[in-house]
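So you can see what is in the structure, the chains are spelled out below.
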Amino acid sequence: MIRMSIRLSFVLVLISWSTYQVAAEQNLEEQLEQLRNNYIIKQQDLEKLVHQLKAQSLRQVGSTLPRSCWDLKTMGQSVNGIYLVQGAKSIETVFCDFKKHPSDADYQNWIGFVDVKTFPVYFYAQRTSTYANVETIVPFEQMRLNVGNAMNPTTGIFTAPRTGKYFFAYLGLSEGSPVRIDFLFRNGRSSDWGKIGQAYGANNYVTFALESTLELSKGDQICLYLKLGKIHEWIGPGFGPYSSFVGMLMEEDIFA
């Protein structure tokens, strides 16, 4: 009887220990799962915080364009490569080696300029009839192209919409007698025109031309001025047009 009681007690102890062990293991798994969930939540919170800090940093430097590799590094760039930076008048390209010390000569290597225009300017103007109004600005009756609308064909005046380097070229044909065209420039703050070039056709039906590359400020104006003779034009089957006036913005001073 005593032996049976001892066996029964031993069995009850084993059952109790097994139940406790199972419960402990379940409790441990629940705790581990809770820890994993907490870790995921904390990780998400940390990522949000890092994103907010980066956004705040970008807002703080967003109003200033980088001028060098050092500026790029202070903005958070750390990968070696080619970057765009602000130059004196235009966008420039540099290669940054962030692994080197900023005092190292190879920390920043200048590559070249970038052709960036905030406002495209191209025009191609023509006359469709002979022009003989001496001592007047030459107007144009036909615009083949006028991107940017900087050329006013009615007045014959081109107004620079941006500061930069412009190219202009004119080609015409004399009629009946010698002809002379003056190329005039006017500062955007002045009402006086000044001559910067001229083209001359010595005889009847002689081609004459001029071209110029100019540094213009926003608001500066140029035009063609008939000083002498006639500009011939006649459009028919197999003939004309003979005159053309073209211009374009070649390089814009972005930071002028």
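Reading the values: the criteria
- Residues numbered from 1 in each chain as written.
- Predicted model: local features only at pLDDT ≥ 70, side-chain atom pairs only at ≥ 80, totals over all residues.
- Heavy atoms only, no water.
- Helix = DSSP H or I, 4+ residues; strand = E, 2+ residues; numbered from the N terminus.
- Buried < 20%, exposed > 50% of the residue type's maximum accessible area, 1.4 Å probe, protein only.
- Contact = heavy atoms within 4.5 Å.
- Areas by Shrake-Rupley, 256 points an atom, 1.4 Å probe, with all protein chains shown as cover.
- Pairing = 2+ DSSP bridges.
- Patch = residues over 30% accessible without salt bridge, like charges linked within 9 Å, V, L, I, M, F, W, Y side chains within 5 Å.
- Salt bridge = Lys/Arg side-chain N within 4 Å of Asp/Glu carboxyl O.

Novice: Teacher, can you tell me more about the overall build of the protein chain here?
Specialist: Each helix and strand in the protein chain was counted, giving 2 helices and 14 strands. In the protein chain, which comprises 256 residues, the proportion classed as buried is 30%. Residue pairs in contact within the protein chain that sit at least 24 positions apart in sequence constitute 63% of those at least 6 positions apart. Summing over all exposed atoms, the protein chain offers an accessible surface of approximately 16,300 Å²; the carbon and sulfur share of this is 57%.

Novice: It is not clear to me how the pairing of strand β13 (residues 221–228) should be interpreted in this structure. Could you clarify?
Specialist: For a regular strand, side chains alternate in direction, first toward one face of the sheet and then toward the other. β13 sits mainly inside the fold: 6 of its 8 residues count as buried. Taken together, the 2 bridges between strand β5 (residues 136–137) and β13 define a ladder with antiparallel strand orientation. Bridge pairing in β13 links Thr136 to Leu226. Two elements, strand β8 (residues 157–159) and β13, share 3 bridges in a ladder whose sense is antiparallel. Residue pairing across strands places Phe158 opposite Ile222, the latter belonging to β13.

Novice: I tried to follow a nonpolar patch on the surface on my own but got confused; where do I start?
Specialist: A cluster of nonpolar side chains, Tyr122, Leu145, Val147, Met248 and Met250, forms an exposed patch at the surface whose accessible area comes to about 360 Å². Among the secondary structure elements, those contributing two or more residues to the nonpolar patch are β6 (142–147) and β14 (244–252). Relative to the helices and strands, Met248 is located in strand β14.

Novice: Help me understand the pairing of strand β1 (residues 81–86) in this model?
Specialist: Pairing analysis gives 6 bridges linking β1 to strand β2 (residues 91–96), with the strands arranged antiparallel. What sits directly across from Gly81, in β2, is Cys96. Following β1, the chain reverses through 4 residues before pairing antiparallel with β2.

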